[in-house]
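Letter by letter, the chains look like this.
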Protein chains: 2
Amino acid sequence: KTEALGDALLHLTAVGTGSWKWGPNGHGAILLVNCDSESTYKKTLDSEVDEISKVSDLQDMSKMILRTNGPAELPEGYKLTMHISQTTSENVRVFRPRTNEVPYLGGKTELEFFVEGLHFPDKDFDGLITINLSLLEPCGKDFPETPVFTDKVVFHVSPWIMTPNTLKPVEVYVCSTNDNYSFLKSIKNLVEKCGSKLKICHEYMNRGDRWMQDELEFGYIDSPHHQFPVVLDSPRDGDLQDFPYESILGPDFGYVTRHALNEEVSSLDSFGNLEVSPPVTVNGKSYPLGRIIIGVAATRGRNMTQVVQDFLWAQKVQEPIALYSDWLVVGHVDEFMTFVPAPDRKKFRLLLASPDAGYKVFKSLQNNGHGKAEMFPGLPEAISVNEILSDKKLQAENRYVQNCIDWNRDVLKKELGLDDEDIIDLPILFKVLEEKTHPRAVAYYPDMVNMIVLGDQLGIPKPFGPKVKGRCALEIEVCSLLEPLGLKCTFIDDLAPYHKLLGEVHCGSNVLREPSPFKWWNLEL
Amino acid sequence: KTEALGDALLHLTAVGTGSWKWGPNGHGAILLVNCDSESTYKKTLDSEVDEISKVSDLQDMSKMILRTNGPAELPEGYKLTMHISQTTSENVRVFRPRTNEVPYLGGKTELEFFVEGLHFPDKDFDGLITINLSLLEPCGKDFPETPVFTDKVVFHVSPWIMTPNTLKPVEVYVCSTNDNYSFLKSIKNLVEKCGSKLKICHEYMNRGDRWMQDELEFGYIDSPHHQFPVVLDSPRDGDLQDFPYESILGPDFGYVTRHALNEEVSSLDSFGNLEVSPPVTVNGKSYPLGRIIIGVAATRGRNMTQVVQDFLWAQKVQEPIALYSDWLVVGHVDEFMTFVPAPDRKKFRLLLASPDAGYKVFKSLQNNGHGKAEMFPGLPEAISVNEILSDKKLQAENRYVQNCIDWNRDVLKKELGLDDEDIIDLPILFKVLEEKTHPRAVAYYPDMVNMIVLGDQLGIPKPFGPKVKGRCALEIEVCSLLEPLGLKCTFIDDLAPYHKLLGEVHCGSNVLREPSPFKWWNLEL
């Protein structure tokens, strides 16, 4: 009889059910991690209930409903209790009475609870949270109550999701420094063209650290009831280190970070070394949210810190690809690759830096009688096409760089399911700097692949290539490769304030984009 | 060209391929954790290669083959290297040259490597291990080599797998103590009947600790090339604590344990509280290796230690079910449930202790004029059927116990997909002991569900029930329930050496069984 009482009486429910399944035919409730700044709710010790300090916080939470359909009162001594296992309870907070006991309101009623996640999926947390509700039956004064019926709801915490270059830009972030006024103006013009918003991080906050790309990565979390952007703060911690927490975290703008444990943070921990591809299908397996791309050492060397790698892999919905980037002095994947939207094929192209393509441009200039035209025209470092082509050391260095990029090209083709036709090689030369143990590469002239992509507007580092009939041969070549895709190329002078400090336009900017229309819980995993 | 050289030349292979997929249409290589005792290989620092101390160790390892089909020698300066990521490398050992460099033997050759796992899947290790092989190309004396081709093999470490009562017994383990001679003799007779082997743990080793069930759990690991049993050593650590390591670990008998971290070990950590169901299908989802069953607290109370729970869940192939066992003084699931083989339906029955069924037997005795027949006949604690039935306190206690068991019955029906016809209720009464904070239950007379199951032979605690025409009414009832399934009931007197110390036949024994014929890697996960 008590069983029947329980079954008829109680139903603990949320959007989903007592289990969780991925995919379009899946089911299950979804939870957001409360990582935005309204979440500093008041914990009053003498209160029976966790208080929710601001109404807007409610939007972030998932509703859980206890539906009852029974007598006006529970039979004498019966009780409802809610139970969350100890390991689970570290990852979730339910706004409910402080005791385990849950009030029974009687008749046909619905009691609402609000649930929020406290941690993102990580190496030791698969993102699943189970909340149990039991009806306890009294067994006389000498015995504890026994459970006669238990219902449960399983939630999955939303993963942190990155946004590829093919998604619409919303806000563009750059630093203002004492030497980048004209660069800022160029970016402002570009941002106006694409209709998004420019956000400038001023010097009192950036303290001269201009590498906006490297300190943070924008992503978002999503649920059927709410979605908002979340910034991942890099363990890099340059002079920009306070910016994500102080200036980006806010109402409906979440924040998450990972700190390196007993590991040295290296240049590979900067988030110029963390990118994401547009949606791809690889051997029949689809990645509708794209795949995360990071750079690591080939066998040994500098690496992205393990806690960040663990975090990225644990999100599951954008399975990461590890490229080899330690061959570069700075060591970021955005120094040799990016993605641009395209109207055809896979709806994007992969752009790769290519010394071979670079030499082709220079040789063609020489063959056409422009051997005396100068790279960096009018600048102290000016050097003729002939001189560049006769530099055997530079050739050897670029053969080495081409080898390194070719290996990454193979990995990208395989892991993203790309054909050669999906890839465009941009003419970029590198040079190799002698480091103590390991010679490593930097761009010889502004690294055009390190561009900012804002819809069909591309902000490309101005290469200062040799001029033919008053126009830069490198710009002409790049335009001829990209304009047929409907892309508009704007070349931005970043030579002094960025290139000479070993970065370019992409390194010096960051873009908040609209979330993907694809819902992560519809993934087949 | 170098790419072609790599592709043509190299193929790193094992049983599987460069990725891993569960299921009958899956693929991938498999690794065993080297947890048996031959594995104390000699690590000689001055040697270039990890030496394998005993030939038999080779059987435990997975072969990985580097197939080459190329020129007699690699072109000048080319190199092969093997790379395992740092986190992965904690979990695997490849017997290979100590340097990363791998010899190129030339022509059409195969180079064999032997690989062994070092850790079982756990909370922070999903069991997957990737080994990469790269062909490095020289880039002149001033540059490091660059990878031109990389192949990889992905291994999955075998999970630790438990064996249900329906699998064939191989060896039966019991302790010899100074007071259990006749019990031992009964077990010996039973073991002889079913053709398995009796292993006695002598007193110098058990130091009086007779609870063979509680100190360890037998399981196995499996791969296409080899399988062997592995004992899981409980953190219980009674006086039997050295037995698993000292006496069971051996060549082709592995050992694994987990130590509680900052947690008190409780009685729920004994492995009488760790069982496994026969194969089941639940709502269309099949568990061909069965499901692990453990006992925990309902809401708060004693619990199985987290590290052991984490280990069990991480094995994945026998997804655990948590029952409520904290209502018992000893707190083990084997005090109220077991499984026996059956010829029909799901090929097994779930047996549950049932106070209701117990009272039914006693009332029927009274109704049939046997009210004066005595429980524990001829013993000092003898008590008549009438006296038992008139004890209101005992009735209340058994109502409480029945409630606790009923809740578990519901969970088992739901999680194992059972109907009422799959369950047999055995007539067992309990009594409740007053403990400081919590009244908890023990069996009132020998707890028949705590039996040893050896094929169709059941060794059941002798209940010392009231006699009718010289035969025990409880034994008659149990035989009438089980014999129609083709099972043979032997009632074993465990009253003094086990029952009075709060355990029974199952608690005092352990059974090593044959592995399941089902291969874990064919599971759809």
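Residues numbered from 1 in each chain as written. Chains lettered and ligands numbered in written order. Predicted model: local features only at pLDDT ≥ 70, side-chain atom pairs only at ≥ 80, totals over all residues. Heavy atoms only, no water.

(A) Spatial organisation of the nonpolar core. If you look at the biggest cluster of nonpolar residues, it comprises 74 residues, and the most contacted ones within it are Trp327, Phe336, Met337, Phe362, Phe430 and Leu482 of chain A. With 10 residues, the single largest contributor to this core is helix α11 (residues 392-416) of chain A. With near-sequence residues (within four places) excluded, Met337 of chain A lies in contact with Ile293, Leu323, Leu350, Leu351, Leu352, Leu412 and Val449 of chain A. If you look at the next biggest cluster of nonpolar residues, it comprises 72 residues, including Trp327, Leu394, Trp407 and Leu418 of chain B. (Core = buried A, V, L, I, M, F, W, Y, C linked by side-chain atoms within 4.5 Å. Buried < 20%, exposed > 50% of the residue type's maximum accessible area, 1.4 Å probe, protein only. Helix = DSSP H or I, 4+ residues; strand = E, 2+ residues; numbered from the N terminus. Contact = heavy atoms within 4.5 Å.)

(B) Just the domain arrangement of chain A, in detail. Residues and elements named next belong to chain A. Here chain A is described as being made up of domain 1 (9-157) and domain 2 (161-522). For domain 1 and domain 2, the distance between their C-alpha centres works out to 44 Å. Taken together, the contact between domain 1 and domain 2 spans 22 residues of the former and 26 residues of the latter. When the two sides are added together, the surface that domain 1 and domain 2 hide from each other amounts to roughly 2100 Å², 63% of it contributed by carbon and sulfur. Three residues stand out in domain 1 for area buried against domain 2, namely Ile30, Leu32 and Phe120, and they jointly supply 27% of the buried area on that side. Note that Asp122 and Arg258 form a salt bridge whose closest N and O atoms lie 2.8 Å from each other. (Domains from an automatic or database assignment. Buried area = accessible area lost by both parts, 1.4 Å probe. Salt bridge = Lys/Arg side-chain N within 4 Å of Asp/Glu carboxyl O.)

(C) A look at the packing of helix α9 (residues 355-367) of chain B against helix α11 (residues 392-416) of chain B. All names here are of chain B. It is at 8 Å that the axes of α9 and α11 come closest, and there the two elements cross at 140°. When the axes of α9 and α11 are compared, the pair comes out oblique. Here α9 contributes Pro355, Asp356 and Tyr359 to the contact with α11, which in turn contributes Leu394, Gln395, Asn398, Val401, Gln402 and Ile405. Residue classes in the contact of α9 with α11 are distributed as 5 nonpolar, 3 polar and 1 charged. (Axes fitted to C-alpha atoms, helices over the stretch in contact; angles between N-to-C directions. Parallel < 35°, antiparallel > 145°, perpendicular 65-115°, else oblique. Nonpolar A, V, L, I, M, F, W, Y, C, P; charged D, E, K, R; others polar.)

(D) Quick peek at the sheet that holds strand β28 (residues 452-454) of chain B. All names here are of chain B. If you trace the 3 strands from one edge of the open sheet to the other, you get β28-β29-β32, paired in mixed fashion. Two strands close off the open sheet at either side, each with one partner strand: β28 and β32 (488-492). Here the average twist between neighbouring strands, direction ignored, is 20°. The sheet contacts of helix α4 (residues 181-194) involve β28, β29 (457-461) and β32, and relative to β32 the element is tilted by about 165°. On top of the sheet, helix α12 (residues 473-482) reaches β29 and β32; it is set at about 155° to β32, its chief contact. (Pairing = 2+ DSSP bridges.)

(E) Local environment of the interface of chain A and chain B. Each side of the interface is counted separately: chain A has 34 residues, and chain B has 34 residues. Of the roughly 3000 Å² buried at the junction of chain A and chain B (both faces included), carbon and sulfur atoms supply 59%. Where Glu415 of chain A meets Lys152 of chain B, a salt bridge forms, and the shortest distance between an N and an O atom there is 3.9 Å. One can count 6 residue pairs in polar contact (both at pLDDT 80 or more) joining chain A with chain B. Elements with a minimum of two residues in the side of chain A that touches chain B: β4 (79-83), β9 (146-157) and α11 of chain A. The biggest single contributor to the side of chain A that touches chain B is α11 of chain A, with 8 residues. (Polar contact = N/O pair within 3.5 Å; in protein donor to acceptor, adjacent residues only side chain to side chain.)

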